[in-house]
Structures are given as C-alpha cells and as structure tokens.
Amino acid sequence: MTRITATPQAVRIFLFTTLLLIAGTASAQQADPQCDPTQVPLADVIRAERLGGPVELDGVLDDAAWQRPGETRHMQNDPDNGCLPRQVTEFWVAYDNSALYVAARLHDSAPDSISARLGRRDTWPSSDWLYINLDTFNDDRNAFSFSINPAGVLGDSKLYNDGWGDNSWDGVWEAATRIDELGWVAEVRIPFSQLKFPASEEQVWGMNLSRRTLRSNERTDLFHNPRGGSGYGKRFPDLVGISGIEPETSTEITPYLLGKGEFRDVDRDDPFASDPQFSGNAGVDFKTALSNNLTLNAAVNPDFGQVEVDPAVVNLGAYETFYEERRPFFVEDANTFRFGREGLNSNWSFNWMDPMLFYSRRVGRAPQLGIDGDYDFVDRPQVTTILGAAKVSGKVGNTSVGALSAFTAKEKAHLQIDGKEFEQVVEPFTNYSVVRAKVTKPDGTCGLGIMATSTIRDLDDPVSQAALDKRSFTGGIDGFTKLDEDGVWALKAYVAGSHITGSPEAIADMQTSSRRYFQRPDVDHMDYDPDATELKGWVGRAGVNKESGNWRFNSALGYSSPGFEINDVGFQYRTDMINASVTPGYSWREPHGIFRNQSLFLGMYKTWDTGGNPAEYGAGLFYWNQLKNYWSVDSSVFINPERNNPRLTRGGPMMRAPAYRSWDLGLSSDWRKNWVVSVSGGGSSDDGGSRTAFGRVRLEVHPMASLGLTVTPRYTWEQEEAQHYDEITDPAMTSTYGNRYIFADLEYRQFSLETRIDWTFSPKLTLQAYVQPLFAVGRYTDHKELARSSSFEFDRFGRDNGSSIVHDPAGDADNPYLVTPDGADPANTFRLADRDFNFKSLKVNMVLRWEYAAGSTFYLVWTQDRVDTQNPGDFDLGRDTRSLLDAQGEHILMVKISQYFSL
C-alpha cells in the first residue's frame, strides 16, 4: 500500500515556492492614484427621449435619436476607485410605445486592443463588455441586466438581493455592435414585453450603464461604489422621461419537435430493446401576461435533451448527492423560490445547510421504487415524465409572488420472467406545488416573505404505499432588516415547518433515514415509532452580519428538530441539530505593495443535537488575495478537536471522532489572458490514522477568439481508517446495544479529466463538447467492529479476542468473508460482502446550437455513456482506460427544433 502524506517540510517548501512565484510575477508597479470622488461629475438622473422616427440596429450611430448630445458622466470604480475613466463612454436612451432603446459610443484610444471574444449567449467570455441594468420598480434591490460585448455576444440576467445575480433568465431582445477607428458601438432594443414595471403614466426607474475594459480591468459606472461599501442598486441614478407606455400583453408560444436514435448492444432475446431504437416527441412552452406585472409560463410534455449531462460521481457517504438544476423551465426565475437566503451580503455557515424548501430536480427525478425479485429482462424508465408544469411570477403591488405546479406521470417498469411479461410501478402519479410571496420596503431596508410547498402522490398499489409517503407539506416565513440607518448591520431570520403522512412502513423509513436516525439506541430525545403514520418538525435560524467596512462580522444560530423533513420536493442533508457560528474578519480593500486586495477571516462553530448532547465543533482560518497583476491566492486551515459524532455508525450509538486537521491552497493566474491556469491542492489527517490528499489543475486556453478549451484533471487519495462497512445484529453485544457495527480501512483513489470545448462560429451558432472520464477505486482491508459506544476503539478481526476472518467465496459468493468474532464461541459467525470496487465511467456530450431566429433554436445533440467495473480494488490507470474504452457504450443522437411565436 502506498501512503501519501504532506509533511510540514513539504508544505513549507510549497508555500515558499508559491509565494516566490507570485511575488516575482507581481512586478513593481506605480502607486495607485489617489482620487477625490467628489470632484468627478455624475448625473443625478438619466433622461430618456421619445423617438421621433425609426431606429435601425446596425451598430452605426446615424439615426436621428443619437444626434443630440449624449451622457458622458461616468466614474471609475476599479481599478482606480473614485477616479475619472481612462476611456470616455457616451450613451443615449430613447423609447417608443413598444421598446426601450440604448445606444453607446465606447471610445477607445487603442481600437486594435479591444477584446471581442466570441462565446455562446449567457457565457460571458473574458472580453470588453457593456452592461445595462434597469431597476424598473426602483426598489433598490432588483433589476433586469442586459450585457453586450464588441463581438455581439449577448447575456442577460436578473439581479436580486441588491447585487446578487440570477443568470437563468432569458429575454427576447436585440443588439448590434461595430468596432471602428474610434472604439466600438452598441445599439440595443429591449421590448417592454420583456420587462415588468408599475402601471403608471410617468415611469421612474433606476438605471446603471456599466463598462468593462478587459486589458486594464477598468469598470466604470454611473455612480461611485466605494471599496468596502454595501449596496448596489440603491446607488443607481433615476431614469426619467418615460411616459405613456404599457407593457405589451403578447402571448409567446414555443412548440418543439424532437427525434431521437439510441444505439447500444442489446441481447437478441430482450423483448424490450432493439438496436437501433428510434423515437420521437413533441411539446410546447407557453408564456403570457396575466396582468401588468404577472406572467404565466407553462410547459406541456417538456423535453430537456439538450441540457448538459450530470457529471459522474462516486458517493461513499450516507447523504444524497446534490446536483445543480440545468433545465431551462426550472432555472428561469429560480431566485423567486429561494428561501431564507436574502437580506445579508455574506452568509457563513459551518456544518449547517439552509433548507432548500424547493429543489426542482425532484420534479422529473429518476423513479424511486426498486424492482422486487429476479427477472430475465427489464425495461425501466430512466426519468419520470413531466406531463405538464405551470409557473406564475411577478409583482402585485410591492409584493413579489411566485407559484409553480407540476404533474408527473405514473411510471412502470416492464419485466420478463420465464417468458412472461409483467409490469411494476416504479413511480406514482404525483403533483408538486410551490407558492412564494415576498414584500420589501421601498427603500430596501427590510423585507418579509412566506413560502409553502406540497407533494401529493396517488399511491394505488401496495409497493408504492409501503415505500413513499402520501402527502407532504412545508411552510415557512423568512425576513431581513437593516439594524441602523446606514445599513452597516443587518439581521436575517427564517422559520419553517413540515408535516408528512403515509403508511407506517413509509414513515418508518423516514424515521430511520440518514437525515435523522431515530433508531439510535443511546438517545432519549428521539423515539422511533414503527406504527407512526405522520412525521412533523421545524427548523429556524437567525444571522447577524456587518455589511460594510474593512472589519466584517457574521454570527448565526440555528435549530433543526429531528422530525423536520422536506426531501419530497426540497433538499436537506440532516436534522436534529443546534448549530452556532461566529466569523470575524478583516479585508484590505485598497491596493498596497504587490496586493490589490486581501481578506482574512476566522470561523468558529459548535453543534449539539436537540437533546443538548455536544457534537462537532471546530475553527478555521480563511485567506485570499488578488495581486496587482491579477493573479490570486486562496487558502484555508481548519481544525476539529476530538469530539462526539452521532453519525459514524449510521443509526447506531455515538462515537468519538479523532482530532482532525485539514488545509488547502490555490493559485490562479490572470483571468483576462488567453490562457488561464489555476492550481489547487490540500490534504487532511486525524489522530486515528486517516489521511487524504487531493490536487487539481484547471487550464483554460483560447487559441483564437472563437475557440475555447478547458482541461481539468483531478486526483484524490484517501486512507480512511474507519469506514462504515456493515451492521450485524447480535444481542450478546451489550457494549454496542445489541449490534455489531463493522468498519474497515479504505484506500480510495479517484482520477478524472474533465474537458470542455466551446467553439463559437457566431454568437448564434455554437458547438459545445463535454468529456469526462472518471476512475474510482476502493480497497477495504483490516475489517473490525466498534468495541464500545462513545469511543473510537475497535476489535480487529483476525487479531483481537481470538477472532478470525477468512475469504471463503465457495461458501457464499455474494458474501465471501466468513467472520468469527469471538474465538471462544465459534458458532457465533457471520458473513460480510466484498465491497471492493473499481468504477470507471466515460460521459461525452456534444451540443450544436443554432438560434436561427429570435427565441427559435435548432439543436443537434450526441451523448455517449460507458461504464465498466472490472478489477475491483486495484487501481491501474492504463489498464482501466483500456477496459473502459472496450466497454459497451450507449450512444444517443437527438435532433430538436423549437420555434418561437409571438401572438
């Protein structure tokens, strides 16, 4: 066995070499200019003029609307905060009954140095950019954001929580750009149908027009944003002059047609599969305005085949893997349904996860029910069909509202057993619903929200009734407030409750799940009730944050009762905990020496279960900086003293966890260059003998403006001295409450090579490729059992108490290890499975995307998936690569076309 350890000397050499490298590249630079922001003229208001004639979007400022003097008052906020811009930006705002128009002349003294990198919409490649932000309700917290680069690449998003961004929103709008001898020009048309705004004769919006110049990293805005200050939208000047407009109440319909071919090796006797196998599908997306500020989005039989596949992962823990949402219907306006997150500009948490009351990946998930018994052939659906979904979002007065409801189909697996075909339900017909409302004071100083969800299943068969709860409901209140007039301190809080009902079998599964472990034998604050038909609980948390200044502070206290359960339509890792944390820190925001900025924070936390029993606690230091050459360093060190851990036995008694230490260090080069490299690594160790080490390199190369290549190799090594292995009932084991809790040493190695290719032929025609080979190998040795509760002591099979362990596959091939735990009682034997593994996966996803008209798209998609599990427990990258490439693969070719209609 090879053991990799990070010795103190190696760490010191690595740190010294890294600091020497970055200090050498951060060559001496001139002192930063000291500017007086009060001497830089800024506009209090921006005036829009009604058009007297048409505007042609061609990147040429020859229209009559752009012949009047433009607005040029900008301030530099980075890198020289509070100074005049290096380059002049002149812009105009106009409107007619149907749209807002913005034109900008972005002067540049070196037009040949303008960065105009191509990329797919909403990817924001490193480039020069122009941003137009519109706070249409002037509430200082929310805005629409439109961005254009000199190559004509578009991006749009919604801003919320006074500066946070949600890039999922896609509006239908137009822009044209042109580079000339004076710099570059942008012309933009934003239909009022894409915006929400008050129903009033005179409109007063907040507006910012922001310019980014890549080579100097200059950012200019219409306002001064001092370093260390808080707030973004509240600084926007007012946009005035717009009157007599109404939002267009057009209806948008986008039907799609899809054809798919699946190519795989299949058994000739399989009645459910053929090679190749062809299928088709059709559906429609629908959007219409219900009122001035309310929009209905609906989807009938939606398909998301063009969405990038999830990466392969290996999960050896007790908790579910979290995957990001990528499906357009659900990611758009996703911030509307976030709970408990807004109000603070910094949210620190340790050993705590804010509950996600709505996790949209539950809708259309993989079927949850297993298949009983043996079968010869099976046709099991990979996902649950979404029959239809509808979503309403917008504003009613000062209240932001959102509602979503989706219906998923009853899914069945088809089986053949001894020549006869059968059906078995693997997912019942289900309705998921969410409602959300938030009201914020007009000046943005406080807000209050409510949220509720429901999951209702039609359980009409015994298998579903025994495995799934029938109904689940959650409801919560969240809010925030500034604690002083200047908004330096802020408080946020939330409380939510849950109630689920179902059969005793289903509720028993909930009680014993890894999220709570009601069956733990050594606690008296939780009672496992196998006859219960309901489960109730609640969660709450409050946090205080210092929002501005160099000194920062964050503190939070949270409580989650054992019965809190939201995973039918939400996401949570664990319950039964009281968690407190304190995080002070200091940020050097003004450039000094070789540094552009630096930050150092100290985080401390402690956790108890809800019975008051102490559990995890620890402290860590977190440091990051950016150098004047735009390289950056981030690092952390974390320490957990010896402590109680109620979850190592996965439902058994408390254990003591050894003292634990971890560290990591990362270095990133100048992100503005055509090549960008970031290197990170770290490791951990504990007093029980466990060790880990990991490393990652990310290389991003742009050999031409239209082509980007990103390669990210990762390697992880772990030597875990007490990995949970199994649980054996034995009433004689009174020291561990009648069960033997089996552990083993685990050596785990994982290597992956994630590769992305982005080829942009034009802003509307792109090819994206994603390739991820993954190799994960685990080898278990030194099997043992917990000697007594509340300890980290083990009896090792084959070494302690006259015990023995023999590899005897002839006796039971599925459970080849024969264990005699006590030599004095050879009759008390049991068997263990061989859990060594060698998981190899290759995922390939290629998407050709052509936006042939505004809102209309053609997709050509190819995906490949290969899996191999040969040679468990033995890591050999060369051999494993060959066996993975030789493995049978599944290939899917899909053509999809969607057509946008505005009625």
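Our subject is the structure that appears above.
Residues numbered from 1 in each chain as written. Predicted model: local features only at pLDDT ≥ 70, side-chain atom pairs only at ≥ 80, totals over all residues. Heavy atoms only, no water.

**Q** Can you lay out the sheet that holds strand β22 (residues 420-427) for me, pointing to particular residues and giving the numbers?
**A** Within the open sheet, the 3 strands sit side by side as β18-β21-β22. Their pairing is antiparallel. With one partner strand each, in any of the chains shown, β18 (377-379) and β22 form the two edges of the open sheet. Along the sheet, successive strands turn relative to each other by an average axial angle of 20 degrees, direction set aside. Across 7 bridges, the pairing between strand β21 (residues 411-417) and β22 is antiparallel. Along β22, the bridge assignment pairs I417 with K420. (Pairing = 2+ DSSP bridges. Helix = DSSP H or I, 4+ residues; strand = E, 2+ residues; numbered from the N terminus. Axes fitted to C-alpha atoms, helices over the stretch in contact; angles between N-to-C directions.)

**Q** Explain the environment of A176 to me, using residue names and the numbers behind them.
**A** Here A176 lies in strand β10 (residues 174-180). Aside from chain neighbours lying at most four places away, what touches A176 is L57, D58, G59, V185, A186 and E187. (Contact = heavy atoms within 4.5 Å.)

**Q** Run through the nonpolar core, naming residues and quoting values.
**A** Ranked by size, the top nonpolar core spans 34 residues in total, and within it L134 and W205 carry the most contacts. Counting only elements with at least two residues in this core, the list comes to β4 (89-95), β5 (99-107), β6 (129-135), β7 (143-148), β11 (183-191), β12 (202-213) and β14 (238-243). Setting aside its immediate chain neighbours within four residues, L134 contacts L100, A143, F144, F146, I190, L195, W205, G206, M207 and L239. Judged by nonpolar contacts, the second largest core, of 24 residues, contains A299, F339, L404 and A406. (Core = buried A, V, L, I, M, F, W, Y, C linked by side-chain atoms within 4.5 Å. Buried < 20%, exposed > 50% of the residue type's maximum accessible area, 1.4 Å probe, protein only.)

**Q** Before we move on, could you go through the side chain of H783 and cite the residues and values that matter?
**A** Within the secondary structure, H783 sits in strand β40 (residues 765-786). Overall, H783 belongs to the buried group, its relative accessible area being 5%. Leaving out residues up to four positions away in the same chain, H783 has contacts with Y725, F743, A744, R796, F797, I805, Y817 and L832.

**Q** Kindly report on the state of the cysteines, identifying the contributing residues and their values.
**A** Here a disulfide denotes one covalent bond, and it connects the sulfur atoms of two cysteines. Per the stated rule, a full pass over the model turns up 1 disulfide. The side chain of C35 participates in a disulfide bridge whose partner is C83; the two sulfur atoms lie 1.6 Å from each other. Between C35 and C83 the disulfide shows an S-S torsion of about 85 degrees. By sign, it is right-handed. In this pair, C35 sits in the loop between α1 (8-25) and β1 (45-47) while C83 sits in the loop between β3 (75-78) and β4, placing the two residues 48 residues apart along the sequence. (Disulfide = S-S within 2.5 Å.)

**Q** Go over the pairing of β21, please, and point to the residues and values.
**A** Side-chain positions along a regular strand alternate between the two faces of the sheet. Pairing analysis gives 3 bridges linking β18 to β21, with the strands arranged antiparallel. By the bridge assignment, D379 is partnered in β21 with H414. As consecutive antiparallel partners, β21 and β22 are separated by 2 residues, and within that stretch D418 has a phi angle of approximately 55 degrees, a positive value.

**Q** Pulling in residues and values, what's your account of the pattern of salt bridges?
**A** Counting across every chain of the model gives 50 salt bridges. Ionic pairing is found between R457 and D469, a salt bridge with its closest N-O pair at 3.4 Å. A residue pair is termed long-range when its members are at least 10 positions apart, and R457 in strand β24 (residues 446-457) and D469 in the loop between α3 (462-467) and β25 (471-482) qualify at 12 residues. Among the residues examined, R457 registers a relative accessible area of 2% and is labelled buried. Residue D469 is classed as buried on the basis of its relative accessible area of 1%. One salt bridge in this structure joins K482 and E547, with 3.2 Å as the shortest N-O distance. Placement of K482 in strand β25 and of E547 in the loop between β27 (534-546) and β28 (551-560) is noted, with a sequence separation of 65 residues between them. Given a relative accessible area of 3%, E547 falls into the buried group. (Salt bridge = Lys/Arg side-chain N within 4 Å of Asp/Glu carboxyl O.)

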